Amino acid sequence: MAYFSQQLINAITLGAVYGLIAIGYTMVYGIIGMINFAHGEIFMIGAFISLIGFIICGLLGIGSAPVAILLVLLVAMAFTAVYGWAIERVAYRPLRGSFRLAPLISAIGMSVTLQNYVQLTQGARPKPGGQIVSGGYNLFSADGFDVRVTWLQIIIVVVTIVLMASFTWVIARTQLGRQQRACEQDMKMAALLGVNVDRTISLTFVVGAALAAVAGMLFLMYYGVIDFFIGFLAGIKAFTAAVLGGIGSMPGAMLGGLLIGLIEVFWAGYFSSEYKDVAVFGILVLVLIFRPSGLLGKPEIEKV
Amino acid sequence: MTATSPLIDVERLTMRFGGLVAIDDVSFSAQPREITAIIGPNGAGKTTVFNCITGFYKPTVGRLTLRGDREYLLERMLGHEIGQQARVARTFQNIRLFPGMTVLENLLVAQHNKLMRASGMSVFGMLGLKRYQRAEAAAIEMARAWLERIGLVADADREAGELPYGAQRRLEIARAMCTEPRLLCLDEPAAGLNPRESAALNQLLVSIRDREGIGVLLIEHDMSVVMRISDHVVVLDYGRKIAEGPPADVRRDPAVIRAYLGTSEGSHDG
Amino acid sequence: MGPRLPMLLKDAALTAFVAAALGLFIVGFRTVDVGSTKGLAFDYQFVDLAVAVVAIFVGRLGLSFAADGQRWPALVLGTVLGVIGASPVRLPSSFLHWFVGLAGLLIIARTLWPSAEQAIDQAKRFPQGRRFGVAGVRWLAWILLAAAVILPVTPLGDQKTMDLGVLILTYVMLGWGLNIVVGLAGLLDLGYVAFYAVGAYSYALLSTQWGLGFWAVLPLAGAFAATFGLVLGFPVLRLRGDYLAIVTLGFGEIIRLVLINWVDLTNGPAGIGSIPGPTLFGAVFAEKAPPGGVTFAQMMGVPFSGTQRLVFLYYIILGLALITNLFALRLRRLPVGRAWEALREDETACRALGINPTNTKLTAFAIGAMFAGFAGSFFAAKQRFVSPESFVFIESAIILSIVVLGGMGSQIGVVLAAVLLIGLPEWFRDLGTYRMLAFGLAMVLIMVFRPRGLIAHREPSVRLHARAGGGGG
């Protein structure tokens, strides 16, 4: 029971991170129907900018953890968002209307480029991030096992919930959200009605990248070490989360992230940690085969 | 006229998408050696009927029986089996050729199943056996015959996507005919054609009916085409059948006139 | 230049600003380890960043001029960048020399391209020009083939060249195999390397455990890989294109993870070593014959030399690659090949014509997998060692980029792309670290500027009329 509770807490934390990345996949897929294969790399770059930001905070002598986290969060979101914007502008926008696999191939190329770009500029070795927040709270003890929730885990879950809530509000209530949904439904019609489609798509990438940057920072704080390759696995898992929840659906992405976190942590906790990634990939394959519209997605009706 | 049994019986066909009823309890039949037109205002469910017959949608309720060498229950068959076994061929409202392949290749792809058998699932073909070479020559001959009928022999080696619009329409019909169908379903074949092309199309359809002797189902907006060439007309409105009969009768039917022109109050009573 | 100049300047400034924002953290602050306890420190790279940003500003301006039709300013800027890049002026790193120099070349190429394009277009419009283009590709193919066949006996055929030749031919074969799946059938397979792994491990295990020889295992390895293709393909080939890509990627990773973790069978990350090489009529390529065996040198009565083995391997992979090519060319002219291309063009129309999409895709998938299996068992025999590290996703991406760069569906394009992507980086060793970066950029740039690849021409699989005027043959 105690072991189970501890695993549950860990799983929710991990699931929150996956969920944040998954939103980026789901939004981009919803609006232009492509899998932004480079999104995992955006997350990785967010983590690196956070790492550098924390070191700069240290050099500037900012001692207070909350101030440092807030500062780094804002800087990482802003600068990672530029990556999201630039990638769309360079690698995807010229391909609208090209043959159907072109954007995906371009995205794979972008992903390879970004990975090697970071490897070249920052080196291939894993980077220790140091401990920014330590300590925690013992919930209860049972069977000689302390069930502990760390402050960090609380921060991760709270940050995620706050971002999710504000994000849902943006989509539901603001002009941007309405334009985005309009583009999702029918891009040509939206353009005719005066929606700036290019700008809306750009903003989608910017928002997705900013959320991925948050995920990158949380990942860095949680695991304490990052390298140029973390985007690949995390990206695929987050994509799996998006598909599991129903690609195109925001709540689906969050739910999917949570489920993937649960599957991964519990598989590692109860079966074998070697095959936890196989379990996640297995889920991806099964979902796509048996329920390609995901848990919360709408089934597609083929128009002929 | 109905001495023979109908080629296809559509019985109590209903198709729902979630809460939307696209087709509501529609029944009709089509005879071999006849052109049966399905007409109706936009959104009446004509294309949905086609999609059910050709297996792109699975009907919510209803029976679709096609009579050939045996009876085929189309609603139970997979999409490609309907073309392969029941031999129902179709064209699409927004032309779907293989644009990057040549005109001739388009017509050979239509003869795929026959040629696959002749090539012994590619084994004989790989070995270059005479048996396959003869089959391929016959297939090319058939394609040439159709190209002559639609006037595209000279364009045989051009990419299909390069052809002008009217030629693409005709090519799509020829491609469907190369599957040697029992029933040919044409979804608005005259859309976007100029009067001259439209007249040539009418001739082609009549010649298909008379020479090949197959049944033709036709969705059409252009009433002049419908009146001139169809033998039987089914009128749909809001997913229901509101009239059926020879063209001359249908055009005088008050329900049809109401559906097309609207009632004086501007509301439908269907 | 006139009134547009301020606009172009503003655009270039904006580009440079974005570049600066992109590079500020990732390029400007290089994190370095300083002892185990102190964590990380910075190695500041702001000068590099500044040079790059200035180059981007000038480069963007030059490209805008070129796009605007203002040739002379564009050529001047391009030449300036090119000269700075090539000159001994000390820029902070050799990468920046390349960066600046290539930017200059790009501008010059972009400026001159419109007239080149016009000339090509003009040539295409005349039947002679068109025929010359088609015949040219054919001649190129024969010349390349002849060169490949005689290469080992020419003075050029030293150890280094032969090594490179074997490497390139392996990728050519893989490219031709994947071309069936991606180029003809239009199925984006991101896990192609999984079948390569199946082939490699088939030979590694069957030879080390059961003592089977290369020639006996070769067909088996192909059959295993094809079976894998069928089993994996059956459930997933109904999926839409981009989903299929992700699922195949997932399968590729699953196979790699299984190879790592199933230690009893595969020996895990340590891999399998001392795999025997291929034999020629029972003769081995080694200095000393195994008990009861004979070496190639003894059989032929010539002195032993290390390159004999290499030349033998070279001809094996050349043969295997040519078989792949002939097979693919032949299949393309059969109904199944035409159905693949038709599926790539429009799956819905195929279904309406009574073509079973799943079965048709499955054959392409399985045949592509089979060739990867052959290539895999050759790889194991060549390396005499296999480990999961050789079968990572990036290998799939490399093979895919060869197919895409070559021009999907074009056989000769695959050869050119393999030489370009595998050969060039190996020749210029100092480019080595930047190789993958160049790969990634190449994939993006090809999609943006030349989505149909180097060789975009598609030869019909069958003709009704003989080609006008004969000539091309």
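1. Overview of the overall build of chain C
The helix and strand inventory of chain C stands at 19 helices and four strands. With respect to the principal axes defined by its C-alpha atoms, chain C has extents near 80 × 75 × 50 Å. Within chain C, the proportion of its 473 residues that are buried is 44%.

2. A short note on the overall build of chain B
In terms of helices and strands, chain B carries eleven helices and ten strands. Taken over C-alpha atoms, the radius of gyration comes to 19 Å for chain B, in line with the 18 Å a tight globule of 270 residues would show. In terms of overall dimensions, chain B has a C-alpha envelope of 70 × 40 × 40 Å along the principal axes. Among the 270 residues that make up chain B, the fraction classed as buried is 46%. For chain B, the share of sequence-separated contacts (at least 6 apart) that also reach a separation of at least 24 residues comes to 66%.

3. Describing the sheet that holds strand S1 (residues 8-17) of chain B
Residue and element names in this part refer to chain B. Reading across from one edge, S2-S1-S4-S5 is the order of the four strands in this open sheet, with antiparallel pairing throughout. The open sheet has two free edges, formed respectively by strand S2 (20-30) and strand S5 (71-73), since each of these has just one partner strand. Each strand of the sheet is rotated relative to its neighbour by a mean of 20 degrees, with strand direction disregarded.

4. Some words on the interface of chain C and chain A
Contacts between the two partners involve 45 residues from chain C, matched on the other side by 50 residues from chain A. Listed by contribution, the elements that provide at least two residues to the side of chain C that touches chain A are helix H1 (5-26), strand S1 (29-33), strand S2 (40-44), helix H9 (214-236), helix H10 (241-261), helix H17 (393-406) and helix H19 (435-449) of chain C. Residues belonging to the side of chain C that touches chain A are distributed by class as follows: 33 nonpolar, eight polar and four charged.

5. Section: the packing of H1 of chain C against helix H3 (residues 46-67) of chain C
All names here are of chain C. Contact geometry for H1 and H3: axes closest at 8 Å, N-to-C directions at 150 degrees. The interaxial crossing formed by H1 with H3 has right-handed handedness. Between H1 and H3, the residues in contact are Leu8, Leu9, Asp11, Ala12, Ala13, Thr15, Ala16, Ala19, Ala20 and Gly23 and Leu49, Ala52, Val53, Ile56, Phe57, Arg60, Leu61, Ser64 and Phe65, respectively. Within the contact of H1 with H3, the residues separate by chemical class into 14 nonpolar, three polar and two charged.

6. Focus on helix H1 (residues 46-53) of chain B
Burial runs high along H1 of chain B: eight of the eight residues are buried. What H1 of chain B keeps buried is the set Lys46, Thr47, Thr48, Val49, Phe50, Asn51, Cys52 and Ile53 of chain B.

7. Digging into the interface of chain B and chain C
Each partner contributes residues to the interface: chain B has 31 residues there, and chain C has 27 residues. Elements that contribute at least two residues to the side of chain B that touches chain C include exactly helix H2 (79-86), strand S6 (88-90), helix H3 (103-109), helix H4 (112-118), helix H5 (123-127) and helix H6 (130-150) of chain B. Class assignment for the residues of the side of chain B that touches chain C results in 13 nonpolar, 13 polar and five charged.

8. Comments concerning the domain arrangement of chain C
As assigned here, chain C comprises domain 1 (2-124) and domain 2 (156-278 + 305-449). Taking only C-alpha atoms, the centre of domain 1 of chain C and the centre of domain 2 of chain C are 36 Å apart.

9. Structural notes on the sheet that holds strand S9 (residues 232-237) of chain B
Residues and elements named next belong to chain B. Read across the open sheet, the six strands follow the order S6-S7-S8-S3-S9-S10; overall the sheet is mixed. The open sheet has two edge strands with one neighbour each: S6 and strand S10 (240-245). Taking each pair of neighbouring strands and ignoring which way they run, the sheet shows an average axis angle of 20 degrees. Bridge count between strand S7 (residues 183-187) and strand S8 (residues 215-219): five bridges; the pairing is parallel. Within S8, the position partnered with Asp187 by the bridge is Ile219. Its contacts with the sheet put helix H8 (residues 195-212) on strand S3 (35-39), S7 and S8, and the angle it makes with S8 is roughly 155 degrees.

10. Quick notes on the domain arrangement of chain B
Residues and elements named next belong to chain B. When cut into domains, chain B gives domain 1 (1-87 + 181-270) and domain 2 (97-179). A separation of 27 Å is found between the C-alpha centroids of domain 1 and domain 2. Contacts between domain 1 and domain 2 engage twelve residues on the former and eleven residues on the latter. Taken together, the elements giving at least two residues each to the side of domain 1 that touches domain 2 come down to H2, S7 and H8. Per-element accounting of the side of domain 1 that touches domain 2 gives the leading share, three residues, to H8. Each residue belonging to the side of domain 1 that touches domain 2 can be placed in one class, and the counts come to seven nonpolar, three polar and two charged.

11. Looking at the pairing of S3 of chain B
Residues and elements named next belong to chain B. For S3, the buried fraction is high: five of the five residues fall into the buried class. Neither face of S3 is exposed, since Ile35, Ala37 and Ile39 on one face and Thr36 and Ile38 on the opposite face are all buried. The pairing of S3 with S8 spans four bridges and is parallel. Bridge pairing in S8 links Ile38 to Ile219.

12. Some thoughts on the packing of helix H8 (residues 192-210) of chain C against H10 of chain C
Helix packing for two helices is described by the angle between their axes and how far apart those axes are. All names here are of chain C. Running from N to C, H8 and H10 cross one another at 30 degrees; their axes reach a closest spacing of 8 Å. The angle between H8 and H10 falls in the class roughly parallel. On the side of H8, the interface is formed by Val193, Ala194, Ala197 and Tyr201, while H10 contributes Phe251, Gly252, Ile255, Arg256 and Leu259. Considering only residue class, the contact of H8 with H10 consists of seven nonpolar, one polar and one charged.

13. Quick look at unusual backbone geometry
In this model, Arg12 of chain B sits at a positive phi of 50 degrees, which is unusual for a non-glycine residue. For Arg12 of chain B, the position within the fold is in strand S1.

14. Topic: H2 of chain B
Within the span of H2 of chain B, buried status applies to Gly79, His80, Ile82, Gly83 and Ala86 of chain B. On its buried face, H2 of chain B is in contact with strand S4 (61-67), S5 and S6 of chain B together with helix H15 (347-352) and helix H16 (357-383) of chain C. Note on H2 of chain B: the residue one or two positions beyond its end, Arg87 of chain B, has a positive phi of about 60 degrees.

15. Comments concerning the confidence of the model for chain B
Residues and elements named next belong to chain B. Mean pLDDT over chain B stands at 85; residues scoring 70 or higher make up 95%. Highest mean pLDDT in chain B belongs to H3 (93); lowest belongs to H5 (71). In the model, residues 264-270 has pLDDT below 50 throughout and makes six contacts with residues more than four positions away in sequence or in other chains.

Rules of the game
- Residues numbered from 1 in each chain as written.
- Chains lettered and ligands numbered in written order.
- Predicted model: local features only at pLDDT ≥ 70, side-chain atom pairs only at ≥ 80, totals over all residues.
- Helix = DSSP H or I, 4+ residues; strand = E, 2+ residues; numbered from the N terminus.
- Buried ≥ 20, exposed ≤ 12 C-beta atoms within 10 Å, placed from the backbone.
- Rg over C-alpha atoms; globule rule 2.2 N^0.38 Å.
- Contact = placed C-beta atoms within 7 Å.
- Pairing = 2+ DSSP bridges.
- Axes fitted to C-alpha atoms, helices over the stretch in contact; angles between N-to-C directions.
- Nonpolar A, V, L, I, M, F, W, Y, C, P; charged D, E, K, R; others polar.
- Left-handed = near helix turned anticlockwise from the far one by under 90°.
- Domains from an automatic or database assignment.
- Parallel < 35°, antiparallel > 145°, perpendicular 65-115°, else oblique.
- pLDDT = per-residue confidence, 0-100.

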